[in-house]
Amino acid sequence: LSNGDLVLNPQQLADVLACVFTKEPNKIKKMGDIANGILWHRDSIVEVIWGGTSKYPRHLWSFESTTSSINSIPEMPPFVNLLHRAELGYPLYGPKGFPLGETFI
């Protein structure tokens, strides 16, 4: 990756990322504004991407249990962090610098 991380299983990384970048019409409808490049930070959205019949455990993609103890600021689940670290997604912030709960893909 661009930040120097070593990927031991490149196919698994490709599979995780391919779930976000899809042309499947049924998935796109359920993924909110993803067709316009916005990934909403909601469990109902990321469950369509990585949950359901997928082989990925909930703790890797769910926002439910990712609240930090400091100021109750939500932390990103590992798969969303992976998008950010790989520079395939960028967190969006409002005019006052607070997170909007969305990622630009």
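On a predicted model such as this, the values are computed, not experimentally measured, just so you know.

A. Quick look at the packing of aromatic side chains. Taken as a whole, this structure holds two aromatic pairs when the rule is applied. Judged by centre distance (5.1 Å) and plane angle (70 degrees), the ring pair of Trp-50 and Phe-79 falls under edge-to-face. Here the residue Trp-50 occupies a position in helix 3 (residues 43-50), and Phe-79 occupies one in helix 4 (residues 78-85), the gap between them amounting to 29 residues. The exposure class of Phe-79 is buried, given its relative accessible area of 8%. Taken together, a centroid distance of 5.2 Å and an interplanar angle of 80 degrees make the contact between Tyr-56 and Phe-79 edge-to-face. With Tyr-56 in the loop between helix 3 and helix 4 and Phe-79 in helix 4, this pair connects stretches of sequence that are 23 residues apart. Like Phe-79, Tyr-56 is buried. Here the aromatic residues Trp-50, Tyr-56 and Phe-79 are joined through ring pairs into a cluster of three or more. The ring centre of Trp-40 lies 4.5 Å from the NZ or CZ of Arg-42, which sits over that ring.

B. Representation of the pairing of strand 2 (residues 90-93) in the model. Note that strand 2 and strand 3 (residues 99-104) share three bridges and pair antiparallel. What sits directly across from Pro-91, in strand 3, is Thr-103. Between strand 2 and strand 3, which follow one another and run antiparallel, lie five residues, and Gly-97 among them has a positive phi close to 90 degrees.

C. Representation of the pattern of salt bridges. Across all of its chains, the model carries two salt bridges by this definition. Between Arg-58 and Asp-43 there is a salt bridge, and its shortest N-O distance comes to 3.8 Å. Residue Arg-58 is found in the loop between helix 3 and helix 4, and its partner Asp-43 is found in helix 3; the two are separated by 15 residues along the sequence. For Arg-58, a relative accessible area of 35% translates into the label partly exposed. Put simply, Asp-43, Arg-58 and Glu-64 are held in one network by salt bridges that share partners.

D. Structural view of the sheet that holds strand 1 (residues 38-40). Reading across the sheet, the three strands line up as 1-3-2 and stay open at both edges, with antiparallel pairing between neighbours. Every other strand in the sheet has two partners, leaving strand 1 and strand 2 as the edge strands with one partner each. The average undirected angle you get between the axes of adjacent strands in this sheet is 40 degrees. Sheet topology note: the strand 1/strand 3 ladder contains three bridges and is antiparallel. Looking at the pairing, Leu-39 lines up with Thr-103 of strand 3.

Cut-offs used in this document
Residues numbered from 1 in each chain as written. Predicted model: local features only at pLDDT ≥ 70, side-chain atom pairs only at ≥ 80, totals over all residues. Heavy atoms only, no water. Phe/Tyr/Trp six-rings, centres within 6.5 Å; stacked < 30°, edge-to-face > 60°. Helix = DSSP H or I, 4+ residues; strand = E, 2+ residues; numbered from the N terminus. Buried < 20%, exposed > 50% of the residue type's maximum accessible area, 1.4 Å probe, protein only. Lys NZ or Arg CZ within 6 Å of the ring centre and 35° of its normal. Pairing = 2+ DSSP bridges. Salt bridge = Lys/Arg side-chain N within 4 Å of Asp/Glu carboxyl O. Axes fitted to C-alpha atoms, helices over the stretch in contact; angles between N-to-C directions.

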